[in-house]
Amino acid sequence: LTLPPPRTRIFKIIVIGDSGVGKTCLTYRFCAGKFPEKTEATIGVDFRERLVEIDGEKIKIQLWDTAGQERFRKSMVQHYYRNVHAVVFVYDVTNAASFRSLPAWIEECKQHALGTEVPRILVGNKCDLQDSVQVGTDVAQQFADAHSMPLFETSAKSPNSLGDGNYRNSDHVEAIF
Ligand code: GDP
Ligand code: MG
């Protein structure tokens, strides 16, 4: 008797936030292991995958990247928000407006049944730009607490700047996932 090989389970994670916060760079970093040399503005929806092994089981992590500013057309929205296992909200620590947009993104997810019942995390990206920070850790942590999400401050660009204590919860983007 030969058993068929076990099917790889797929975990779909959507990455949401304003245009320019670094969603494409973060997903690229996670799936390709490096910062992309150049990125083009994401058009519509795109996804990247990475196989990880958890407890001896191979699991495919599928990160869905989007064009932040554009609201998708209705047909696309349905596709995007279907069968989601987790949501990553991203803001740019050097851009206060991207932080102020978060309630609207959270609300949009709730409208698609992605509220507190799915794992959601908050990610402050670009922590390598320490001189330009506009969104401090305290205010971000308060917001994260109010929305029952863990906060990770990180950088898609320089994730390994160890020793300065600046990327508080995570100094490596992989720790997010
Ligand atoms: P998206 O629109 O959210 O997908 O943002 P992108 O991933 O395209 O990044 C927007 C810009 O921010 C690009 O110029 C990136 O090179 C830059 N960027 C992204 N992540 C980081 C980061 O962690 N640190 C710095 N310094 N720049 C970043
Ligand atoms: Mg993009």
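Residues numbered from 1 in each chain as written. Chains lettered and ligands numbered in written order. Predicted model: local features only at pLDDT ≥ 70, side-chain atom pairs only at ≥ 80, totals over all residues. Heavy atoms only, no water.

- In the annotation of an unreviewed UniProt entry, the protein is listed under the name small monomeric GTPase and assigned to Crenichthys baileyi.
- On record in UniProt, under Subcellular location (unreviewed entry), the comment for the protein is "Endomembrane system".
- Entered under Catalytic activity (unreviewed entry) in the UniProt record, the comment concerning the protein runs "GTP + H2O = GDP + phosphate + H(+)". (UniProt positions renumbered as here; feature names shortened; annotations may be inferred.)

Looking at the site of ligand 1
Link 1 in the chain: Around ligand 1 sit 17 residues in total, of which Gly20, Lys23, Thr24, Cys25 and Asp128 are the nearest.
Link 2 in the chain: Here Asn125 contributes a side-chain N or O atom positioned 3.1 Å from a nitrogen atom of ligand 1.
Link 3 in the chain: Between Ser155 and ligand 1, the recorded distance is 3.2 Å, taken from a side-chain N or O atom to an oxygen atom.
Link 4 in the chain: Considered on its own, ligand 1 offers 580 Å² of accessible surface; in the complex 79% of this is hidden by protein.
Link 5 in the chain: When residues of the shell around ligand 1 are assigned to their parent elements, the largest contribution, three residues, is made by helix 1 (residues 23–32).
Link 6 in the chain: Split by residue class, the shell around ligand 1 holds five nonpolar, seven polar and five charged. (Near = heavy atom within 4 Å. Polar contact = N/O pair within 3.5 Å; in protein donor to acceptor, adjacent residues only side chain to side chain. Areas by Shrake-Rupley, 256 points an atom, 1.4 Å probe, with all protein chains shown as cover. Helix = DSSP H or I, 4+ residues; strand = E, 2+ residues; numbered from the N terminus. Nonpolar A, V, L, I, M, F, W, Y, C, P; charged D, E, K, R; others polar.)

What about the pattern of salt bridges?
Link 1 in the chain: Tallied over the entire structure, the rule returns five salt bridges.
Link 2 in the chain: Salt-bridge contacts for Glu57 lead to Arg9; the nearest nitrogen and oxygen are separated by 2.9 Å. Taken as a pair, Glu57 in strand 3 (residues 57–66) and Arg9 in strand 1 (residues 9–16) lie far apart in primary sequence, 48 residues in all.
Link 3 in the chain: A residue is classified by how much of its surface remains accessible, and Arg9, at 44% relative accessible area, is partly exposed. (Salt bridge = Lys/Arg side-chain N within 4 Å of Asp/Glu carboxyl O. Buried < 20%, exposed > 50% of the residue type's maximum accessible area, 1.4 Å probe, protein only.)

Examining the pairing of strand 3
Two faces, one strand: in a regular strand the side chains alternate between the faces of the sheet.
Link 1 in the chain: In terms of burial, strand 3 is largely enclosed, as seven of its ten residues are buried.
Link 2 in the chain: Pairing analysis gives six bridges linking strand 1 to strand 3, with the strands arranged parallel. Opposite Ile10, over in strand 3, you have Lys60 as the bridge partner.
Link 3 in the chain: The pairing of strand 2 (residues 45–54) with strand 3 spans ten bridges and is classified as antiparallel. By the bridge assignment, Val52 is partnered in strand 3 with Ile59. (Pairing = 2+ DSSP bridges.)

Structural notes on the packing of aromatic side chains
Link 1 in the chain: Tallied over the entire structure, the rule returns five aromatic pairs.
Link 2 in the chain: Taken together, Phe47, Trp64, Tyr80 and Tyr81 form an aromatic cluster joined through their ring pairs.
Link 3 in the chain: Over the aromatic face of Trp64 sits the side chain of Lys12, whose NZ or CZ is 3.9 Å from the ring centroid.
Link 4 in the chain: If you follow Arg50 out to its NZ or CZ, it ends over the ring of Phe30, 4.7 Å from the centre. (Phe/Tyr/Trp six-rings, centres within 6.5 Å; stacked < 30°, edge-to-face > 60°. Lys NZ or Arg CZ within 6 Å of the ring centre and 35° of its normal.)

Thoughts on the side chain of Thr94
Link 1 in the chain: With respect to the helices and strands, the residue Thr94 is situated in the loop between strand 4 (86–92) and helix 3 (96–100).
Link 2 in the chain: A polar atom in the side chain of Thr94 sits 2.7 Å from the side chain of Asp92.
Link 3 in the chain: When near neighbours in sequence (up to four residues on either side) are disregarded, Thr94 contacts Lys126, Leu129, Ser132, Val133 and Gln134. (Contact = heavy atoms within 4.5 Å.)

Considering the sheet that holds strand 3
Link 1 in the chain: Pairing in this open sheet of six strands is mixed, and the strands run 2-3-1-4-5-6 from one edge to the other. With partners counted over all chains shown, the strands left at the sheet margins are strand 2 and strand 6 (151–153), one partner each. Strand after strand, the sheet turns through a mean of 25 degrees between neighbouring axes, direction not considered.
Link 2 in the chain: Together, strand 4, strand 5 (120–125) and strand 6 form the strand contacts of helix 5 (residues 137–146), whose direction differs from that of strand 6 by roughly 150 degrees. (Axes fitted to C-alpha atoms, helices over the stretch in contact; angles between N-to-C directions.)

Structural notes on the environment of Gly22
Link 1 in the chain: Within the fold, Gly22 resides in the loop between strand 1 and helix 1.
Link 2 in the chain: On the accessibility criterion, Gly22 (12% relative accessible area) is buried.

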